[in-house]
Amino acid sequence: MATNVKIDKDEKGKTVDESKYRGMIGSLLYLTASRPDILHAVCLCARFQSNPKESHMSAVKRIFRYLKGTIQYGLFYPKNENFSLKGYSDSDYAGNIDDRKSTSGSCQFLGDCLVSWFSKKQNCVSLSTAEAEYISAAFCCTQLLWMKQTLADYKCSFKNVPIFCDNISAINIAQNPVHHNRTKHIEIRHHFLRDCVSKRKIEISFVPSQDQLADIFTKPLTSETFASIRARLGIMHIE
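Please read all numbers here as calculations on a predicted model, not as lab measurements.

> Would you explain unusual backbone geometry in this entry?
Across residues other than glycine, the phi torsion is negative in most instances, and most of the peptide bonds are trans. The backbone of Asn-160 shows a phi angle near 50°, a positive value even though the residue is not glycine. Structurally, Asn-160 is set in the loop between α4 (129-152) and β5 (161-165). Note on Asn-160: relative accessible area 27%, which makes it partly exposed.

> What is the right way to read the environment of Lys-201 from this model?
Its place among the elements puts Lys-201 in the loop between α6 (192-198) and β6 (202-206). The partly exposed category is assigned to Lys-201, whose relative accessible area is 35%. The spatial distance from the C-alpha of Lys-201 to the C-alpha of Cys-156 is 14 Å, given a sequence separation of 45 residues. Once residues lying within four places of it in the same chain are set aside, the contact partners of Lys-201 are Leu-145, Lys-148, Asn-160, Val-161 and Cys-196.

> Any chance you could explain helix α2 (residues 39-46) here in plain terms?
An α-helical turn contains 3.6 residues, so a residue and the one three or four places further along point in the same direction. Summarising burial for α2: seven of the eight residues are buried, a large majority. Those residues of α2 that fall on the buried side of the exposure criterion are Leu-39, His-40, Ala-41, Val-42, Leu-44, Cys-45 and Ala-46. Tucked inside the fold, the buried residues of α2 contact α1 (18-31), α3 (54-69), β3 (103-110) and β4 (113-121).

> Before we go on, may I ask you to explain α1 in this structure?
Taking 1.5 Å as the rise per residue, α1 with 14 residues should run 20 Å; its terminal C-alpha atoms sit 20 Å apart, in good agreement. Turning to α1, its buried residues number three or more, namely Tyr-21, Met-24, Ile-25 and Leu-28. Along the long axis of α1, the arc covered by the buried residues comes to 100°, so they all point the same way. Among the exposed residues of α1, those pointing more than 90 degrees away from its buried face are Ser-19 and Tyr-30. Structurally, the start of α1 carries an N-cap: the backbone nitrogen of Ser-19 is 3.1 Å from a side-chain oxygen of Asp-17.

> It is not clear to me how the packing of α2 against α3 should be interpreted in this structure. Could you clarify?
Remark: α2 packs on α3, axes separated minimally by 10 Å, with the N-to-C direction vectors making an angle of 155°. With respect to α3, the axis of α2 lies roughly antiparallel. Helix-helix and strand crossings are classified by hand; for α2 and α3 the assignment is left-handed. In this structure, α2 uses Ala-41, Val-42 and Cys-45 to contact α3, whose residues at the interface are Ala-59, Val-60 and Ile-63. In the contact of α2 with α3, the residues fall into six nonpolar, no polar and no charged.

> Explain the packing of aromatic side chains here, please?
Two numbers describe a pair of aromatic rings. These are the distance of the centres and the angle of the planes. Throughout the structure, instances matching the rule amount to five aromatic pairs. Taking 5.7 Å as the distance between ring centres and 85° as the angle between the ring planes, the aromatic pair formed by Tyr-66 and Phe-226 counts as edge-to-face. A residue pair is termed long-range when its members are at least 10 positions apart, and Tyr-66 in helix α3 and Phe-226 in helix α7 (residues 223-232) qualify at 160 residues. Seen from their ring centres, Phe-118 and Phe-139 are 6.2 Å apart, and the 85° between their planes marks the pair as edge-to-face. Taken together, the positions of Phe-118 in strand β4 and Phe-139 in helix α4 put the pair 21 residues apart, joining distant regions of the chain. One exposure class covers both Phe-118 and Phe-139, and it is buried. Three or more aromatic residues link up through ring pairs in this structure, and these residues are Tyr-88, Phe-109 and Phe-164.

The rules behind these values
- Every chain is numbered independently, its residues counted from 1 as its sequence is written.
- Local features in this predicted model are restricted to residues of pLDDT 70 or higher, and side-chain atom pairs are both shown and tallied only at a pLDDT of 80 or more, whereas totals for entire chains, interfaces and linings draw on every residue.
- As a rule here, side-chain values come from all non-hydrogen atoms in the structure, and water together with hydrogens is ignored.
- Secondary structure elements follow DSSP: runs of H or I of four or more residues count as helices, runs of E of two or more count as strands, with numbering from the N terminus.
- Here's how the labels work: a residue is buried when its accessible area is under 20% of the maximum for its type, exposed when over 50%, partly exposed in between, all with a 1.4 Å probe on protein chains only.
- Whether two residues are in contact is decided by their heavy atoms, any of which lying within 4.5 Å being enough.
- By definition here, a helix of n residues has an expected span of 1.5 Å times n minus one.
- Along the arc lie the directions from the helix axis toward the C-beta atoms.
- Here a polar contact means two N or O atoms within 3.5 Å. Within protein one must be a hydrogen donor candidate and the other an acceptor candidate, and residues neighboring in sequence count only if both atoms are side-chain atoms.
- Here an angle of 0 to 180 degrees is reported between the N-to-C directions of two axes, which are lines fitted to C-alpha atoms, with helices fitted over the stretch in contact.
- Convention used here: angles under 35 degrees read as roughly parallel, angles over 145 as roughly antiparallel, angles from 65 to 115 as roughly perpendicular, and any remaining angle as oblique.
- By definition, any crossing whose near helix is turned counterclockwise from its far helix by less than a right angle is left-handed, and any crossing with a clockwise turn is right-handed.
- Side-chain classes follow a simple rule in which Ala, Val, Leu, Ile, Met, Phe, Trp, Tyr, Cys and Pro form the nonpolar group, Asp, Glu, Lys and Arg form the charged group, and the remainder, Gly included, forms the polar group.
- Ring pairs shown here join Phe, Tyr and Trp side chains whose ring centres sit within 6.5 Å, with only the six-membered ring taken for Trp; geometry is labelled stacked below 30 degrees between planes, edge-to-face above 60, and tilted in between.

Take it as geometry only, folks, not as evidence of what the structure does.
Here it is in structure tokens:
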């Protein structure tokens, strides 16, 4: 998606065929199971299925044009002995123009292989970037805990699974109970992240923004940054 374009309800725009739009979105959502690079753009366009406008249709067609130019791209899983479990968590603070809710993005790796990813608008309005990042890290934590439990059935054990976050304030909230008085307004269900950190199930660590791979699931990026993260996720040209 273009970095300088913000998609909203566009209530004054010209209405397009709703059935056709939903069909296109459905096809793209199916494709996100193997093409995580289009997940954020597809999920963003999927929010306007009830009353789509021409601006929304143009955004969907742009995704199809991108896919046509990268039809040979796919996820590549290299063979190696690195079998560590890790996750990346990020958010786009107040990115939705209509309701100012933030978007959470996360991806999980087994070694160098991308195995899980998601992009989702948060249910509540975050009052700060730290809160948005903290909620996003909690979503990532739930996925990692589920993966740990699933992999335990295959005799794979992991301790202190790292979550990489690029917001120091969110990391401090997760690690330090002194911040309770500043986070009372955050829903209780998100605070289980702090409990997981204290029990050493999860280890939340800082990662520079340029190395935050979950960026691709939260916001439109420049072509150079997008291509760089896409390659690091393991999405490459496959002969």
